[in-house]
Amino acid sequence: MSPTGVPVSPIMLSGSGRPGRNGPSRALAAGPFHTACALAMVISIQAVWPERAAAVVLAVQPQVAIGATNNPRGALGNQSAPAYEFFGRGAIAAGLTWTGAQTSHQLQYGIHVVRYAETEEANNVGHTALWASTLTLSPRTDLGLGAHASLFSFSAISNVNPAGMDANSTPLGASRGPILNGTATQMLTYQPTALARYHQTLSVGYLRPWDEASQLHRMLRTTLTLLGEWTRGLNTYSLAASAIDLVDLGGPTLLPSDPRRNRLLTMQLLGGWRRELSITSTIELRAGPVAAYGPDTGSLAVGPGAEATFSYRRLLWYATLTVAQRPTVNLYLGETLISDSATLRLDLPLNAWETLRISGLAGYTYAQRIGDDRFFLVGTRAYQLIMLGASLSYVPERWPITAALEYSSISQYGFQGAGFSYPSTERTIVILSLSGHLAWGEGNSGFARR
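**A few points about the overall build of the protein chain**
So, step 1. Helix and strand content of the protein chain: 2 helices and 22 strands.
So, step 2. Per-residue burial over the protein chain gives 48% buried out of 450 residues.
So, step 3. Residue pairs in contact within the protein chain that sit at least 24 positions apart in sequence constitute 62% of those at least 6 positions apart.
So, step 4. Counting only carbon and sulfur atoms, one obtains 62% of the accessible surface of the protein chain, whose full area is about 21,700 Å².

Structure, rendered in structure tokens:
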């Protein structure tokens, strides 16, 4: 779920903090891992260059919405309003897509404005910018590059997207000012045969408060993932290795100061098996070791990680259930956690013409704080998170508009322990929105193709 609510894909742009003690110099000193990641991105960007013959499409997506929420500020610490407060929201996004024979490029910008009926300090304006490029290096190799940056507030109102909502962390916090969040991503896919595929992803994310007086920390996250898949009949076997390097660049915090958590490197190696049970159903299992390394103390702890997914998909609808234990990064709290989660997603049409659809999400997460054990990855409970989302949308056959009734609920129950305390919060939102979809170029003349 995009913190700004602007309908763009959530990928990528890196920012930088103020030079000095807690600024970029500390991030650059993190070691050769970041240097190698930056070099890989520079080389990849130089490989993407537009060709002459191409199709260009300009798309514009305006939206107006009204709704109500019980937590206008999106605040932590059980500061929810006793009654629901109404709000109005307006947003517009404009994007330019350039498609050639072997490359495609997309640029997009969006802005949204939210105004509350009573809580004036919760009024906010958000911005989102997006760049995405894909390049076919060879018939078997594809390269993807992108960047995404957003300036948002915790009091922002987002559209409900059950298919893309993150059920492991909540975009709520104590900061009342704007927050800058950006990510840069590079992806490389190599498929030597129809039965084998290799995929590599590198992303660098940065989060910082726009206001220096905010209680949020400046966080830098680097993620590297390597994946190999091999298909044998109805079975697909996989091996995935990933590393997450989370660096705290400083600032006030909701949690007590702990110098041992200025940097944490989490690694995971999972072997997987996926089988097509039938034309409509699929099961996937993945399991392997998880390790957490603290460079400041030299401690290394190891524990198990696992994930099980069952998918049922028909021509017009699908349902997916995922149960997992894995490390997750909560940038809003500035920590890497071990999360035990269960997530159910559903999307289906309610009529034969597919003009009326319903989609939903139900997620539960039990997050554990990585302990100080030097040998086994033992966690102490941090918080429980319950997330619900539902959307009922109507798309007329002859008009490029979408009317939607959306509902979302976030409930986080924090725990306290020796030397740490996690906040609790709750936020429920009901939205009624009307969106337009207009496009010009390549077969479009104002009405976007469906």
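So that's the structure; there's more coming.
**Some remarks on the environment of Leu337**
So, step 1. Following the sequence through the fold, Leu337 ends up in strand β14 (residues 335–349).
So, step 2. The sequence separation of Leu337 and Gln368 amounts to 31 residues, and the corresponding C-alpha distance is 5.6 Å.
So, step 3. In this structure Leu337 touches Arg326, Pro327, Thr328, Asn330, Ala367, Gln368, Arg369, Ala382, Tyr383 and Tyr422, once residues within four positions along its chain are discounted.

**Considerations on unusual backbone geometry**
So, step 1. The backbone phi angle of Glu354 is positive, close to 60°, even though this residue is not glycine.
So, step 2. Position of Glu354 among the secondary structure elements: in the loop between β14 and β15 (356–370).

**Let's talk about the pattern of salt bridges**
So, step 1. For the structure shown, the criterion picks out 9 salt bridges.
So, step 2. Arg73 is the partner of Glu121 in a salt bridge, and the nearest nitrogen-oxygen pair spans 2.4 Å. Taken as a pair, Glu121 in the loop between β3 (103–116) and β4 (124–138) and Arg73 in the loop between β1 (54–69) and β2 (85–100) lie far apart in primary sequence, 48 residues in all.
So, step 3. Arg73 sits in the partly exposed class, given a relative accessible area of 29%.
So, step 4. Arg274 is the partner of Glu284 in a salt bridge, and the nearest nitrogen-oxygen pair spans 3.9 Å. Here Glu284, found in strand β11 (residues 281–294), pairs with Arg274, found in strand β10 (residues 263–276); they are 10 residues apart in sequence, far enough to count as distant.
So, step 5. Judged by relative accessible area, which is 22%, Glu284 ranks as partly exposed.
So, step 6. Through salt bridges with shared partners, a single ionic network connects Arg197, Glu229, Arg274 and Glu284.

Analysis parameters
Residues numbered from 1 in each chain as written. Predicted model: local features only at pLDDT ≥ 70, side-chain atom pairs only at ≥ 80, totals over all residues. Heavy atoms only, no water. Helix = DSSP H or I, 4+ residues; strand = E, 2+ residues; numbered from the N terminus. Buried < 20%, exposed > 50% of the residue type's maximum accessible area, 1.4 Å probe, protein only. Contact = heavy atoms within 4.5 Å. Areas by Shrake-Rupley, 256 points an atom, 1.4 Å probe, with all protein chains shown as cover. Salt bridge = Lys/Arg side-chain N within 4 Å of Asp/Glu carboxyl O.

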